[in-house]
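# Coordinate inspection notes
So you can see what is in the structure, the chains are spelled out below.
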Amino acid sequence: MKTLIDKLEREHILSKQELVALISNRNPELDQYLFAKAVAVRRKNFGNDIYIRGLIELTNFCKNDCFYCGIRKSNRNIERYRLTDEQVLACCQTGYELGFRTFVLQGGEDPYFTDDRICTMIGAIKSSYPDCALTLSLGEKSHASYQAYYQAGADRYLLRHETADETHYNKLHPGSMSFANRRQCLYDLKEIGFQVGCGIMVGSPYQAAECLAEDILFMHEFDPEMVGIGPFIPHHDTPFAEEPAGSLEMTMFMLGLVRLVLPNALLPSTTALGTIHPQGRELGIMAGANVVMPNLSPLEVRRKYLLYDNKICTEDEAVEGFHELQRKIDKIGYRIVVDRGDYKKTG
Ligand code: SAM
């Protein structure tokens, strides 16, 4: 198996069969072999720098009904909220003072936020913080909507593909949602000029090693600037409430593999990883990740943006949560930098 990791490092891709073999045979020794290579690649391209993105959870209203997600339309047990432009700008202000130079506006697919409202918000953020990058993560929209957001000044867009296997996709989503449309959105975003992020949940229900292999093949073909990889974690008010969470080990293994496939990618060590293990975010960095996305949302809405159970950082003020994370990252020998952290095609 180690020879397959050597080949992946050299050629940045393997056949589906080889990927399935690697994923099905992962073990602690292979993990260490992979992580050493992934960390070396990351170090060569980024040194010890860790980029930060300030996450602002804009709305927990959603018209979709994804089977895994705590803010799905059918969940009647959550209190819904929307942030105002003023609240969003106040989050940016706090973040800017802490050294954030990228803000991420994430939310459910909420029809209240029309393109006009979103573009006005983009304009307000970009004119107040012209030296900052703005990332959107607002779900599936039309080509024209994405184009309008880009023209209004948004720089990047995160839209996890969730799974590259259509049969698997259909087991995670209701019939009203389509694999083909999600794919089309990703290609539209890229064609418009956004820096684009795709991604998956590791250990989502019905996910086989073949699905993860397909995910890697898709990432290689799509060549995104960012890849979001976190474990699936059940939420008690969803159809997947009784399903087991994805593992720390497989999530780290996927981060390591993706680092070898896409050496320059911006790869977050996710909040979900920090939720399944107390040192999850540090361990993600030690597997090849180079981005963290601390939460800047107002404290009073944190508990309402519960995608999964036991989500961390729902009780901390942005400032104290950030300082704690900074200490943890310092401790493992990395440093958080004040930088937009744009994608660079080198090395
Ligand atoms: N609505 C936008 C979209 O669909 O891309 C952005 C918000 S959505 C809640 C962001 C991501 O949360 C999804 O892409 C999904 O991978 C992740 N997510 C949702 N439920 C989750 C769960 N139970 N465990 C882990 N991640 C989850």
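Whatever comes next refers back to the structure up there.
Residues numbered from 1 in each chain as written. Predicted model: local features only at pLDDT ≥ 70, side-chain atom pairs only at ≥ 80, totals over all residues. Heavy atoms only, no water.

Moving on to the overall build of the chain. When you go through the chain residue by residue, the secondary structure sums to 14 helices and 9 strands. Taken against the 2.2 N^0.38 rule, which gives 20 Å for 347 residues, the C-alpha radius of gyration of the chain at 19 Å falls within 12% of a compact globule. With the C-alpha coordinates aligned to their principal axes, the bounding extent of the chain is approximately 55 × 45 × 40 Å. Per-residue burial over the chain gives 60% buried out of 347 residues. Accessible surface for the chain amounts to roughly 13600 Å². Of this, 51% is attributable to carbon and sulfur atoms. (Helix = DSSP H or I, 4+ residues; strand = E, 2+ residues; numbered from the N terminus. Rg over C-alpha atoms; globule rule 2.2 N^0.38 Å. Buried < 20%, exposed > 50% of the residue type's maximum accessible area, 1.4 Å probe, protein only. Areas by Shrake-Rupley, 256 points an atom, 1.4 Å probe, with all protein chains shown as cover.)

Moving on, we get to the site of the ligand. Lining the immediate surroundings of the ligand are 17 residues, of which Tyr68, Gly107, Arg160, Glu162 and Ile233 lie closest. Here a nitrogen atom of the ligand and a backbone polar atom of Gly107 are 3.0 Å apart. Arg160 has a polar side-chain atom sitting 3.0 Å from an oxygen atom of the ligand. When the ligand is considered free in solution it has 560 Å² of accessible area, and contact with the protein chains removes 92% of it. (Near = heavy atom within 4 Å. Polar contact = N/O pair within 3.5 Å; in protein donor to acceptor, adjacent residues only side chain to side chain.)

On to the nonpolar core, then. If you look at the biggest cluster of nonpolar residues, it comprises 100 residues, and the most contacted ones within it are Phe103 and Tyr149. Of the residues forming this core, the biggest block, 10 residues, is contributed by helix 10 (residues 248-261). Apart from the residues lying within four places of it in its own chain, the contact partners of Tyr149 are Asp115, Ile118, Cys119, Ile122, Leu136, Lys141, Ala154, Tyr157 and Phe194. Leu55, Val104, Leu158 and Val291 belong to the second largest nonpolar core, which has 11 residues in total. (Core = buried A, V, L, I, M, F, W, Y, C linked by side-chain atoms within 4.5 Å. Contact = heavy atoms within 4.5 Å.)

The final tally for this structure, using the stated rule, is 5 cavities of 30 Å³ or more. As a volume, the largest cavity reaches approximately 990 Å³. Elements with a contribution of two residues or more to the lining of the largest cavity: strand 2 (54-59), strand 3 (102-107), strand 6 (195-202), strand 7 (226-231) and helix 11 (271-276). The element that contributes the greatest number of residues to the lining of the largest cavity is strand 7, accounting for 3 residues. Within the lining of the largest cavity, the residues separate by chemical class into 25 nonpolar, 13 polar and 8 charged. The space that makes up the second largest cavity amounts to roughly 90 Å³. Its residues assigned to classes, the lining of the second largest cavity comprises 6 nonpolar, 2 polar and 2 charged. (1 Å grid on protein atoms, 1.4 Å probe; cavity = no way out; pocket = protein on both sides within 12 Å on 5 of 7 lines; lining within 4 Å. Points joined across faces, edges and corners; volume = space filled by probe spheres on them. Nonpolar A, V, L, I, M, F, W, Y, C, P; charged D, E, K, R; others polar.)

Turning to the layout of surface pockets, a few remarks are in order. When its volume is computed, the largest pocket comes out at roughly 160 Å³. Asp223, Val261, Leu262, Pro263 and Lys345 are, among the 11 residues lining the largest pocket, the residues nearest its centre. Its residues placed into classes, the lining of the largest pocket shows 5 nonpolar, 4 polar and 2 charged.

All right, on to the sheet that holds strand 8 (residues 291-292) then. Spatially, the 3 strands line up as an open sheet ordered 8-1-9, and their pairing is parallel. Single-partner strands in this sheet number two, and they are strand 8 and strand 9 (335-337). Taken together, the 2 bridges between strand 1 (residues 49-52) and strand 8 define a ladder with parallel strand orientation. Following the sheet pairing, Ile52 is matched in strand 8 by Val292. Each of strand 1, strand 8 and strand 9 is contacted by helix 14 (residues 318-331), which is oriented at about 130° to strand 9, the strand it contacts most. (Pairing = 2+ DSSP bridges. Axes fitted to C-alpha atoms, helices over the stretch in contact; angles between N-to-C directions.)

Taken in spatial order, the 6 strands line up as 2-3-4-5-6-7 in an open sheet, and their pairing is parallel. Among the strands making up the open sheet, the edge pair consists of strand 2 and strand 7. Going across the sheet, the axis of each strand differs from the next one's by a mean of 20°, ignoring polarity. Note that strand 5 (residues 156-158) and strand 6 share 3 bridges and pair parallel. The residue of strand 6 that forms the bridge with Tyr157 is Val196. Sheet strands touched by helix 5 (residues 115-128): strand 2, strand 3 and strand 4 (133-137). Its angle to strand 4, the strand with the most contacts, is close to 155°. Docked against the sheet, helix 9 (residues 209-222) engages strand 6 and strand 7, running at close to 175° with respect to strand 6.

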